Each structure stands twice: as structure tokens, then as C-alpha cells.
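Reading the structure
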Amino acid sequence: MKKGLIGKKIGMTQIFAENGNVVPVTVIEAGPCVVTQKKTIENDGYEAVQVGFGDVKVNRVNKPMKGHFDKADVAPKKTLKEFRLDDISEINVGDILKADVFAAGDKVDVVGTSKGKGTSGTIKRWNFHRHRESHGTGPNARRQGSLGACSSPSRVFKGKKMPGRLGHERVTIQNLDVVKVDVENNLIAIKGAVPGPKGGIVVIADAVKKA
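The structure contained in this document is the topic of the report that follows. Everything quoted here is computed from the prediction, not taken from an experiment.

1. Focus on the nonpolar core
V108, I188, I190 and I204 are the most contacted members of the largest nonpolar core, which totals 27 residues. Counting residues per element, the ones that place at least two in this core are β1 (4–16), β2 (22–30), β3 (33–39), β4 (48–55), β7 (107–113), β10 (170–182), β11 (187–191) and β12 (201–206). Core analysis: the next-biggest nonpolar cluster, separate from the first, contains five residues, V34, V61, F69 and A72 among them.

Below, the structure is given as C-alpha cells:
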């Protein structure tokens with residue numbers, strides 16, 4: 001990985017390309033991110049940089065984290081994330097990383113938390129079919145069918161697809177194109193959809209598997 005940023009999803013819009021085509025994009029406020037810690041092989045066994053995004057009041061930070069930020073001489077940040085970069089020799093604690101680390105045409109992976117949809121049935125959660133609604137099914141058209149054998153094994157196996165919580169999980173979208181970068185406002189326009197609601201925190205990094 002050569003570069004990475006923490007950002008906030010602003011919403012979706014569209015951009016007109018030079019050939020007149022409409023490109024749907026997600027606008028992300030990427031940065032400014034401040035380097036809060038630099039990890040080295042000597043001290044930590046691996047090389048990485050920890051960056052923070054989003055201001056938070058001092059009284060909202062517990063004492064261990066306050067000491068962590070005081071040691072780095074930076075203001076408390078709401079979100080912290082580690083990036084294992086290829087070369088961290090030129091990055092120091094306190095440096096500010098902005099949206100200009102990315103450029104139009106870059107391939108990126110975006111990680112976010114999908115929208116939570118609460119408890120959902122098997123049709124919505126697992127794309128189950130409805131039962132026949134002709135004779136004998138009763139008011140059970142949207143319920144799942146048999147859960148398994150009767151006397152053997154006399155239990156329901158783990159992992160059985162059943163009703164339960166849907167959404168609110170970590171989702172990674174790979175190989176998205178950076179369409180435009182607004183350096184002055186720290187905005188990045190990425191082609192396509194990005195997981196999470198408006199205002200959700202996302203992580204942008206170099207594409208691991210470039211198409």
C-alpha cells in the first residue's frame with residue numbers, strides 16, 4: 001500500500017465526462033488526516049502509520065487516549081486507523097495528509113459500514129422464495145420451511161440461514177475509479193456507490209487487486 005486516508009461520505013451526485021457521458025460518483029470528504037503515531041520494526045515489529053480524522057472535544061476522550069494524543073502533540077481525533085505503507089521514512093508524527101495524496105484515475109478500495117436494516121426475515125435477508133399460496137400453507141407464506149432432519153441429528157446446524165440482523169457490517173468495494181479530486185475542499189469523487197449512510201466513516205486505500 002502506498003497511500004490511504006480516512007474520510008466521511010457526503011453523498012452521491014453525477015459528473016459529466018469530457019465526452020458528455022454522465023458518471024455517477026460518491027463524494028467523500030477525505031481528510032485532513034493527522035499522523036498520530038509512527039510504528040517501526042524496532043519498537044513494534046512492523047512499519048505503519050496511525051492517522052486520525054475528525055475533531056472531538058477533549059472532555060470526550062478518556063485519560064489513556066488523551067495521553068496518546070498529548071505525546072504526539074496533536075488535537076484529539078474521533079477516528080483512528082493504521083495504514084501499512086510501503087515507505088514511511090518521509091512521514092512524521094504531526095504531518096497532515098490531505099486529499100491530494102490521490103489523483104484522478106487512481107484505483108482504490110473503499111471500506112465502510114453498511115446501513116443497518118434491523119431484524120429481517122429470510123426472504124429479505126437470504127432471498128428465500130415464498131411458499132405456495134394455494135391450499136394448506138396457512139398464514140406462513142413468508143416463513144422459512146423445514147430446518148432439518150427430525151430424530152437425527154435432532155438439532156439445527158450452526159450457520160443455518162434464518163431470520164436475524166441484516167446490514168451494519170464491514171463492507172469493502174474494490175477497484176473503484178477516482179474521477180475528480182478537489183484539493184481546496186478535501187473532496188474526492190469516486191465512481192459508483194460506497195457502503196454506508198451519509199456521514200458514515202470510510203477508509204480509502206490503494207486497490208489491492210487492480211483490474
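Right, picking up where we left off after that structure.
2. Structural notes on the pairing of β11
Bridge count between β2 and β11: five bridges; the pairing is antiparallel. Looking at the pairing, I28 lines up with I188 of β11. Linkage of β10 to β11, two consecutive antiparallel strands, is achieved through a turn of four residues, within which N186 is found at a positive phi near 55°.

3. A short note on the sheet that holds β3
Strand pairing in a sheet relies on backbone hydrogen bonds. The paired strands run either parallel or antiparallel. Across the sheet, which stays open at both edges, the four strands sit in the order β5-β4-β3-β6 with antiparallel pairing between neighbours. Where the open sheet ends on each side, the last strands, each with one partner, are β5 (77–83) and β6 (96–97). Against the sheet, helix α2 (residues 63–72) makes contact with β3, β4 and β5, and its axis sits at roughly 95° relative to β3, the strand it touches most.

4. Description of the environment of K198
By the element assignment, K198 lies in the loop between β11 and β12. Owing to a relative accessible area of 70%, K198 belongs among the exposed residues under this scheme. With 171 residues separating them in the primary sequence, K198 and V27 have C-alpha atoms 9.9 Å apart. With residues near it in sequence (within four places) discarded, K198 still touches K9, I10 and G11.

5. A short note on the pattern of salt bridges
Enumeration over the complete set of coordinates arrives at seven salt bridges. The salt bridge partner of K3 is D206, with a shortest N-O separation of 3.3 Å. Here K3, found in the segment before β1, pairs with D206, found in strand β12; they are 203 residues apart in sequence, far enough to count as distant.

6. Let's talk about unusual backbone geometry
The linkage connecting S152 with the following residue, P153, adopts the cis geometry, with an omega of 15°. Its place among the elements puts P153 in the loop between α3 (122–126) and β9 (164–167). Despite not being glycine, D73 has its phi angle at roughly 60°, a positive value. Mapped onto the secondary structure, D73 falls in the loop between α2 and β5. In this model, H168 sits at a positive phi of 55°, which is unusual for a non-glycine residue.

7. Focus on the side chain of K9
Mapped onto the fold, K9 is located in strand β1. Put simply, K9 is tucked away with no salt bridge, and the nearest opposite charge, on E29, sits 14 Å away. Among the polar contacts listed, one links the side chain of K9 to the backbone oxygen of V194, at a separation of 2.8 Å. Polar contacts involving the side chain of K9 include one to the main-chain carbonyl oxygen of G196, which spans 2.7 Å. With sequence-adjacent residues up to four places away left out, K9 is seen in contact with T26, V27, V194, P195, G196, P197, K198, G199 and G200.

What counts, and where the lines are drawn
- Residues numbered from 1 in each chain as written.
- Predicted model: local features only at pLDDT ≥ 70, side-chain atom pairs only at ≥ 80, totals over all residues.
- Heavy atoms only, no water.
- Core = buried A, V, L, I, M, F, W, Y, C linked by side-chain atoms within 4.5 Å.
- Buried < 20%, exposed > 50% of the residue type's maximum accessible area, 1.4 Å probe, protein only.
- Helix = DSSP H or I, 4+ residues; strand = E, 2+ residues; numbered from the N terminus.
- Pairing = 2+ DSSP bridges.
- Contact = heavy atoms within 4.5 Å.
- Axes fitted to C-alpha atoms, helices over the stretch in contact; angles between N-to-C directions.
- Salt bridge = Lys/Arg side-chain N within 4 Å of Asp/Glu carboxyl O.
- Lys, Arg positive; Asp, Glu negative; His and termini not counted.
- Polar contact = N/O pair within 3.5 Å; in protein donor to acceptor, adjacent residues only side chain to side chain.

By themselves these figures say nothing about function.
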